[in-house]
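Geometric and topological summary
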Amino acid sequence: MPAIIRGYSTRWLIFLACVILGTFIGIFFQHFSTTAPLFRDIVNFNLGVNEVDLLAVNFGFHFGLRMNLGTFLGGIIGLLVTR
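Rules used in this analysis
Residues numbered from 1 in each chain as written. Predicted model: local features only at pLDDT ≥ 70, side-chain atom pairs only at ≥ 80, totals over all residues. Heavy atoms only, no water. Phe/Tyr/Trp six-rings, centres within 6.5 Å; stacked < 30°, edge-to-face > 60°. Helix = DSSP H or I, 4+ residues; strand = E, 2+ residues; numbered from the N terminus. Buried < 20%, exposed > 50% of the residue type's maximum accessible area, 1.4 Å probe, protein only. Pairing = 2+ DSSP bridges.

Concerning the packing of aromatic side chains
For any two aromatic rings, the description comes down to two numbers: the centre-to-centre distance and the angle of the planes. In total, this model carries five aromatic pairs according to the counting rule given. Both rings, one in Trp-12 and one in Phe-15, keep their centres 6.0 Å apart while their planes meet at 85 degrees; by these two values the pair is edge-to-face. In this pair, Trp-12 and Phe-15 both sit in helix H1 (residues 2-29), three residues apart, roughly one turn of the helix. Its relative accessible area of 60% is what places Trp-12 among the exposed residues. Measuring from centroid to centroid gives 6.5 Å for Phe-45 and Phe-63, while their planes differ by 65 degrees, and the two rings are edge-to-face. Placement of the pair is Phe-45 in strand E1 (residues 43-53) and Phe-63 in strand E2 (residues 58-67), with a sequence separation of 18 residues. Phe-45 sits in the partly exposed class, given a relative accessible area of 42%. Phe-63 gets classed as partly exposed once you look at its relative accessible area, which sits at 44%. Ring pairs connect the aromatic residues Phe-28, Phe-29, Phe-32 and Phe-39, which therefore count as one cluster.

Describing the pairing of E2
When E1 meets E2, the two strands line up antiparallel, connected through nine bridges. Of the residues in E2, the one forming a bridge with Asp-53 is Asn-58. The antiparallel hairpin formed by E1 and E2 contains four residues in its connecting segment, where Leu-55 sits at a positive phi of about 65 degrees.

Shown next, in the form of structure tokens:
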């Protein structure tokens, strides 16, 4: 049973790596005027708290989600690689 679980987790990691790499490549192609319209952001969601002060501890966090054509292409490539 552990070998099956290990196989599924490896497939998910490969798929997730392809999606993240595709997103980074899409963001890279947004910097060029010829490819920027193709790789524009479809989803751009940001959530952040700048500062939380708990007397002894001071912290903040930021969460962002960007999706573009590179994310979609990375997902397709990830599915093809894991098959």
